[in-house]
Amino acid sequence: MTTVAYQGEPGSNSSTVARVLYPMGNELACTSFEQALDAVTLGAADVAVIPVDNSAAGRVADVHHLLPESGLFIVAEYFLAIRFDLMGVPGTSLEQVECVRSHAHALGQCRKVLREGGWRTLVSDDTAGAAREVAELGDARHAALAPPAAARLFGLDVLRSEVEDDPDNTTRFVVLSREASFAPATGEPTMTSLFFCVRNIPSALYKALGGFASSAVNLTKIESYQMGAGLNPSRFYVEIEGHPDEPRVDLALQELRFFSSEVRILGVYPAHEHRLRERTG
């Protein structure tokens, strides 16, 4: 039976993805992303489910820095439609609410309802954790912004449903494993995630990425981060559409390696159907 680590508490969006991908698996809730990744590295879990980007709030802080350093491999991706309900203790009315708790990202994705209510906000470590805190307080003045599953789990009343600002609000998750399990080249849409460090020479990044343009390889993400005091060359996390065994991708990677001091493939995995729906409109 697969053990799935994630950051957050039962009832969170990460927990939902874990149940969708591994319906018969065991969940291992962790207090931080680093703890979830360490659980896989140390063998306490088989895989970790980690959010990396949200369509409204952007990238999830620190994750792209942690991925290359974790030594783990990306084996899958999943896009989850994000829904938030405003929930309170049983019998609460909206007029009684004075304070709304949730994760910082959730508060940022529900600004309209918060502005309407004029409530003060309190940041919690996790959306489901905010719901648990409200249930434990038992105070009608406190409400939580959390996924619908959290209301059922903690016995809260939904005061307003689907209060997210953007109805198309979506978070992308990746699944990480200790073992590299690269998808075979079958002609089906594939994503490749990789890490590289440019050589310390002028125009290194321009030259390193030039092969993707000349080979018509679509680069969907590039994240830079610095190691040390900022005197070392920048490191980059990149995602591209395609498989390393495809001739055009192979050519682009050869050029990347020529202008880089290190190139490491972090994952080759099937593109989630959400990408195909977005492309076809």
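Quantities reported herein were computed from a predicted structural model and do not represent experimental measurements.

Asks: Talk me through the overall build of the protein; I want residue IDs and the actual numbers.
Replies: Looking only at helices and strands, one finds 10 helices and 15 strands in the protein. Across its three principal axes, the protein shows a C-alpha extent of roughly 65 × 45 × 40 Å. Buried positions account for 49% of the 281 residues belonging to the protein. Summarising the internal contacts of the protein: among those between residues at least 6 apart in sequence, 74% fall at separations of at least 24. For the protein, the exposed surface amounts to about 13,200 Å²; the carbon and sulfur share of it is 50%.

Asks: Run through the sheet that holds strand 8 (residues 120–123), naming residues and quoting values.
Replies: Pairing is mixed in the open sheet, where 5 strands are placed in the order 8-7-9-6-10. Two strands lie at the open edges of the sheet, namely strand 8 and strand 10 (157–160), each paired on one side alone. For this sheet the average axis-to-axis angle between neighbouring strands, irrespective of direction, equals 35°. Note that strand 6 (residues 85–88) and strand 9 (residues 142–146) share 4 bridges and pair antiparallel. The residue of strand 9 that forms the bridge with Met87 is Ala144. With respect to the sheet, helix 6 (residues 127–137) is in contact with strand 6, strand 7 (99–102) and strand 9, its orientation differing from that of strand 9 by roughly 155°.

Asks: So what about the packing of aromatic side chains? Which residues, and what values?
Replies: Here the structure, examined in full by the defined rule, presents 3 aromatic pairs. Ring geometry for Phe73 and Phe182: centres 6.3 Å apart, planes at 70°, overall edge-to-face. Here Phe182 lies in the loop between strand 11 (170–177) and strand 12 (190–198) and Phe73 lies in strand 5 (residues 73–81), a separation of 109 residues in the sequence.

Asks: An account of the pattern of salt bridges is requested, with residue identities and associated values reported.
Replies: Inspection of every chain in the model, using the stated rule, returns 15 salt bridges. For Arg19, the salt bridge goes to Glu27, with nearest N and O atoms at 4.0 Å. Its relative accessible area of 34% is what places Glu27 among the partly exposed residues. With a shortest N-O distance of 3.0 Å, Glu239 and Arg172 are connected by a salt bridge. Note that Glu239 is positioned in strand 14 (residues 235–241) and Arg172 in strand 11, a separation of 67 residues in sequence.

Asks: Any chance you could break down the environment of Leu66 for me, citing the residues and the numbers?
Replies: If you trace the backbone, Leu66 turns up in helix 3 (residues 63–70). The class for Leu66 is buried, based on a relative accessible area of 17%.

Asks: Describe in detail the packing of helix 2 (residues 33–41) against helix 3, supporting the description with residues and values.
Replies: Two elements in contact, helix 2 and helix 3, have axes whose closest approach is 11 Å; the angle formed by their N-to-C orientations is 15°. Classified by the angle their axes make, helix 2 and helix 3 are roughly parallel. Crossing angle aside, the handedness with which helix 2 passes helix 3 is right-handed. Contact residues: Phe33, Glu34, Leu37 and Thr41 in helix 2; Val63, Leu66 and Ser70 in helix 3. When its residues are assigned to classes, the contact of helix 2 with helix 3 shows 4 nonpolar, 2 polar and 1 charged.

Asks: Describe the packing of helix 8 (residues 204–214) against helix 9 (residues 247–258), with residues and values.
Replies: For the pair helix 8 and helix 9, interaxial distance at closest approach is 7 Å and the crossing angle is 170°. Between helix 8 and helix 9, the angle falls in the class roughly antiparallel. Between helix 8 and helix 9, the residues in contact are Lys207, Ala208, Gly210, Gly211, Phe212 and Ser214 and Ala252, Leu253, Glu255 and Leu256, respectively. Tallied by class, residues from the contact of helix 8 with helix 9 come to 5 nonpolar, 3 polar and 2 charged.

Asks: Tell me what's going on with helix 1 (residues 13–21), and back it up with residues and numbers.
Replies: Considered for burial, the residues of helix 1 that qualify are Asn13, Ser14, Ser15, Thr16, Val17 and Ala18. Buried positions along helix 1 lie against strand 1 (3–7), strand 2 (26–30), strand 3 (47–54), strand 5 and strand 11.

Asks: Residues and numbers for helix 8, please.
Replies: For helix 8, the set of buried residues is Ala204, Ala208, Gly211 and Phe212. For helix 8, the angular spread of buried residues about the axis comes to 105°, placing them on one side. Turned more than 90 degrees off the buried face of helix 8, the exposed positions are Tyr206, Ala213 and Ser214. Residues of helix 8 that are buried make contact with strand 12, strand 13 (219–225), strand 14, helix 9 and strand 15 (260–270). Ala216 sits one or two positions beyond helix 8 and adopts a positive phi of about 60°.

Asks: So, the pairing of strand 7: which residues are in play, and what are the values?
Replies: A regular strand places its side chains so that they alternate between the two faces of the sheet. Here strand 7 shows a buried face lined by Cys99 and Arg101 and a second buried face lined by Val100 and Ser102. Pairing between strand 7 and strand 8: 4 bridges, direction parallel. If you follow Arg101 over to strand 8, its bridge partner there is Leu122. Sheet analysis places strand 7 next to strand 9, joined by 3 bridges and oriented parallel. Each bridged residue has a counterpart across the sheet, and for Cys99 the counterpart in strand 9 is His142.

Scoring rules and cut-offs
- Think of each chain on its own: its residues are numbered from 1, step by step along the sequence as written.
- pLDDT decides what is reported in this predicted model: residues at 70 or higher carry local features, side-chain atom pairs at 80 or more are listed and counted, and totals for whole chains, interfaces and linings draw on all residues regardless.
- Excluding hydrogens and water, the side-chain figures rest on all heavy atoms present in the structure.
- Segments assigned H or I by DSSP are reported as helices when at least four residues long, segments assigned E as strands when at least two residues long, and all are numbered from the N terminus.
- The buried label goes to any residue with under 20% of its type's maximum accessible area, the exposed label to any with over 50%, and the partly exposed label to all in between, with areas taken from a 1.4 Å probe on protein chains only.
- Note on definitions: a residue-residue contact is assigned when non-hydrogen atoms from the two residues lie within 4.5 Å.
- Surface accessibility follows the Shrake-Rupley procedure with a 1.4 Å probe radius. Residue values consider only the protein chains on display as shielding.
- A pair of strands counts as paired when DSSP detects no fewer than two bridges linking them.
- Angles run from 0 to 180 degrees between N-to-C directions of axes, and those axes are lines fitted to C-alpha atoms, restricted for helices to the stretch in contact.
- Whether two aromatic rings pair depends on their centres lying within 6.5 Å, for rings of Phe, Tyr and Trp, where Trp uses its six-membered ring; planes under 30 degrees apart make the pair stacked, over 60 edge-to-face, and the rest tilted.
- One side-chain nitrogen of Lys or Arg within 4 Å of one carboxyl oxygen of Asp or Glu is enough to make a salt bridge.
- Throughout, the term roughly parallel applies to angles under 35 degrees, roughly antiparallel to angles over 145, roughly perpendicular to angles from 65 to 115, and oblique to all others.
- Handedness of a crossing follows from how the near helix is turned relative to the far one, being left-handed for an anticlockwise turn of less than a right angle and right-handed for a clockwise one.
- Polar here means any residue outside two lists: the nonpolar Ala, Val, Leu, Ile, Met, Phe, Trp, Tyr, Cys and Pro, and the charged Asp, Glu, Lys and Arg; Gly therefore counts as polar.
- In this description, the arc belongs to the directions extending from the helix axis to the C-beta atoms.

It is worth stressing that arrangement in space is one thing and function is another; only the former is reported here.
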